[in-house]
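# Breakdown of the fold
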Amino acid sequence: MTKKIKIGIIGGSGLDNPDILKNATIKEVTTPFGNPSDFLTVGEIEGVECVLLPRHGRKHNIMPGKVNYRANIWALKDQGCTHIIAATATGSLQEHMKPGNVVILDNFIDRTQQRKQTFYDGEKNHPFGICHLPMEPAFNERTRQIIIETAEQLKIDVHKTGTVVTIEGPRFSSKAESHMFRQWGGHLINMTTVPEVVLAKEAGICYAAIALITDYDCWRENKDEHVTVFDVLATFKKNVAKVTTLIKAIVPNIAKEDWDQTIQELKDVVKNSVMV
Ligand code: ADE
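Here the structure is a predicted model, which means the values were calculated and not measured.

## A closer look at the UniProt feature "binding site: substrate" (unreviewed entry) in the chain
- Summarizing the sequence annotation, UniProt attributes the feature "binding site: substrate" (unreviewed entry) to Met191, Asp215, Tyr216 and Asp217 in the numbering used throughout.
- For Met191, the location among the structural elements is in the loop between β11 (188-190) and α4 (193-202).
- In this fold, Tyr216 is placed in the loop between β12 (206-215) and α5 (229-255).
- A relative accessible area of 9% places Tyr216 in the buried class.
- In this view, Tyr216 contacts Ser92, Gln94, Glu95, Met97, Lys98, Pro99 and Glu225; residues no more than four positions away in its chain are not counted.

## Looking at the packing of aromatic side chains
- A complete count under the given rule lists 6 aromatic pairs for this structure.
- Their ring planes at 35 degrees and their centres at 6.0 Å tell us that Phe139 and Tyr207 sit as a pair that is tilted. One end of the pair, Phe139, is in the loop between β8 (130-131) and α2 (141-153); the other, Tyr207, is in strand β12, with 68 residues separating them in the sequence. In this structure, Phe139 and Tyr207 share a single accessibility class: buried.
- Between Tyr216 and Trp219, the ring centres sit 5.9 Å apart and the planes meet at 85 degrees, which makes this aromatic pair edge-to-face.
- When its relative accessible area of 6% is taken as the criterion, Trp219 is described as buried.
- The rings of Phe33, Trp74 and Phe119 are connected pair by pair, giving a single aromatic cluster.
- Over the ring of Trp259 we find Arg142; its NZ or CZ atom is 4.0 Å from the centre of that ring.
- Over the ring of Tyr216 we find Arg220, and its NZ or CZ is 3.9 Å from the ring centre.

Definitions and limits used
- Residues numbered from 1 in each chain as written.
- Predicted model: local features only at pLDDT ≥ 70, side-chain atom pairs only at ≥ 80, totals over all residues.
- Heavy atoms only, no water.
- UniProt positions renumbered as here; feature names shortened; annotations may be inferred.
- Helix = DSSP H or I, 4+ residues; strand = E, 2+ residues; numbered from the N terminus.
- Buried < 20%, exposed > 50% of the residue type's maximum accessible area, 1.4 Å probe, protein only.
- Contact = heavy atoms within 4.5 Å.
- Phe/Tyr/Trp six-rings, centres within 6.5 Å; stacked < 30°, edge-to-face > 60°.
- Lys NZ or Arg CZ within 6 Å of the ring centre and 35° of its normal.

Written out as structure tokens, the structure is:
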């Protein structure tokens, strides 16, 4: 029997409007890793079951380093989510990736310092063993391709690939750091993709991320363009309708396909990565 598709949507700064779901109900849940960022909103998009979770809480009161990423992903897994579409505000490290543009992430560089990146931590009531998960591919390629095809159908321009550097924050980068990340091959910079993408893979969920560019970080010479939190929020708000339209169209396109083999392959990767 084909496994039922359920799609988790993790909203970033500004994308947490529960109105995108029909027949929405609220579910308060907890997990062996503590509480997720907020209650879950469970509902439908075009008849497909979805679960909405605002990454920073509805009041946007949880900073990136304090988000309980493990509880967020576990809660979505527990609800039966087979997929996660995450939205994330990002700075651009490349001239041709402009504020307002959308990028479908395909890789990351981890500069976080104090985040729990695994469910397999040896604690009581947590999964048993030690997990050495391969991170290539980091993002689910089939889900990424559906997002790209959906954007093409809607005539929404997207960059099809992009490497995000995830920093610990909450501060923004220094100019020297920003230049270094450019030299490393980073295209974008944010504070949340790691460990979200890692934990989703460990949970066997098909995870893809839509990055909305809000600023040019601080590597450019024009200091009027250096990132501020005001710019991040204002640019996200200005472009959030584009991301919402995209997500609403992606959901039925994902649900049209058979995912049994992909999900089994992801499960096998995790199983083969755990030493017991
Ligand atoms: N999120 C949005 N813009 C950012 C930037 N320039 N650095 C880190 N995180 C961000």
